[in-house]
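Each chain, written out:
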Amino acid sequence: MRLRSIACAKCTFQQGSLFIPRQVLKQKRLYEGQREQLYQQQFNVEQTKFTVDNIKDTVGTVQAMKGAAKEMKGQFKSQKELDISYIEKLQDDMFDMMDIATEINDAMGRSYNVPEDVDESDLMAELDALEDDLGAEELADGGPSYLQEPESNLPEAPTEEARAESELGLPAIKS
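Bear in mind the structure is a predicted one, so any value in this text is a computation, not a measurement.

(A) Summary view of the overall build of the protein. Along the backbone of the protein there are 4 helices and 0 strands. In the protein, which comprises 175 residues, the proportion classed as buried is 1%. Within the structure as shown, the protein displays about 17,300 Å² of accessible surface, and the carbon and sulfur contribution to it stands at 59%.

(B) Fine view of the confidence of the model for the protein. Here the protein averages 79 in pLDDT, while 69% of its residues score no lower than 70. Mean pLDDT across the elements of the protein bottoms out in helix H4 (residues 160-163) (60) and peaks in helix H2 (residues 84-108) (91).

(C) Structural view of the pattern of salt bridges. For the structure shown, the criterion picks out 2 salt bridges. Close ionic contact of aspartate 53 with lysine 49 constitutes a salt bridge, the shortest N to O distance being 3.3 Å. In this pair, aspartate 53 and lysine 49 both sit in helix H1 (residues 2-78), 4 residues apart, roughly one turn of the helix. A residue is classified by how much of its surface remains accessible, and aspartate 53, at 31% relative accessible area, is partly exposed.

(D) Representation of a positive patch on the surface. There is a patch of like positive charges on the surface, built from Arg22, Lys26, Lys28 and Arg29. Relative accessible area serves as the criterion here: at 56%, arginine 29 is assigned to the exposed category.

(E) Focus on a negative patch on the surface. Among the surface-exposed residues, Asp83, Glu88, Asp92, Asp96, Asp99, Glu103 and Asp106 lie close enough to one another that they form a single negatively charged patch. Position of aspartate 99 among the secondary structure elements: in helix H2.

Reading the values: the criteria
Residues numbered from 1 in each chain as written. Predicted model: local features only at pLDDT ≥ 70, side-chain atom pairs only at ≥ 80, totals over all residues. Heavy atoms only, no water. Helix = DSSP H or I, 4+ residues; strand = E, 2+ residues; numbered from the N terminus. Buried < 20%, exposed > 50% of the residue type's maximum accessible area, 1.4 Å probe, protein only. Areas by Shrake-Rupley, 256 points an atom, 1.4 Å probe, with all protein chains shown as cover. pLDDT = per-residue confidence, 0-100. Salt bridge = Lys/Arg side-chain N within 4 Å of Asp/Glu carboxyl O. Patch = residues over 30% accessible without salt bridge, like charges linked within 9 Å, V, L, I, M, F, W, Y side chains within 5 Å. Lys, Arg positive; Asp, Glu negative; His and termini not counted. Charge placed at Lys NZ, Arg CZ, Asp CG, Glu CD.

Given below as structure tokens:
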């Protein structure tokens, strides 16, 4: 009898021990389902908030565009400089003035008494001859003539006594 009671106790213990893990697994599944449901609700709330923020931003953008359009219309109506016919007339005037300036520059750039058919090789030969003459002059005189000190009969530099004049140019009084 004792064996039977021990066997029954073992059986009850085993059934109880199986019952507890099943119950824990059921609770775990229940909690996981609730957690997923809460995550989904949180996601929905965040999406709604995001949508509301986007709508506010869109309204602000539309209001800004509306104000800018109104301001631009006012500027186009009130500003003479923004009239397309005025701008085209201004461009035409600028083109005419540039043509006149080009004609003036052409007239100022005319050469007088210079033949039209000047050979460039002749000009280069003449330039080389001038450079040779300058080089020979520098060697002979110690430098080009335009850099030489002219000999002149200048008076001597003033002495200390001559510098000792008063402000009015009169000789200073000796004490």
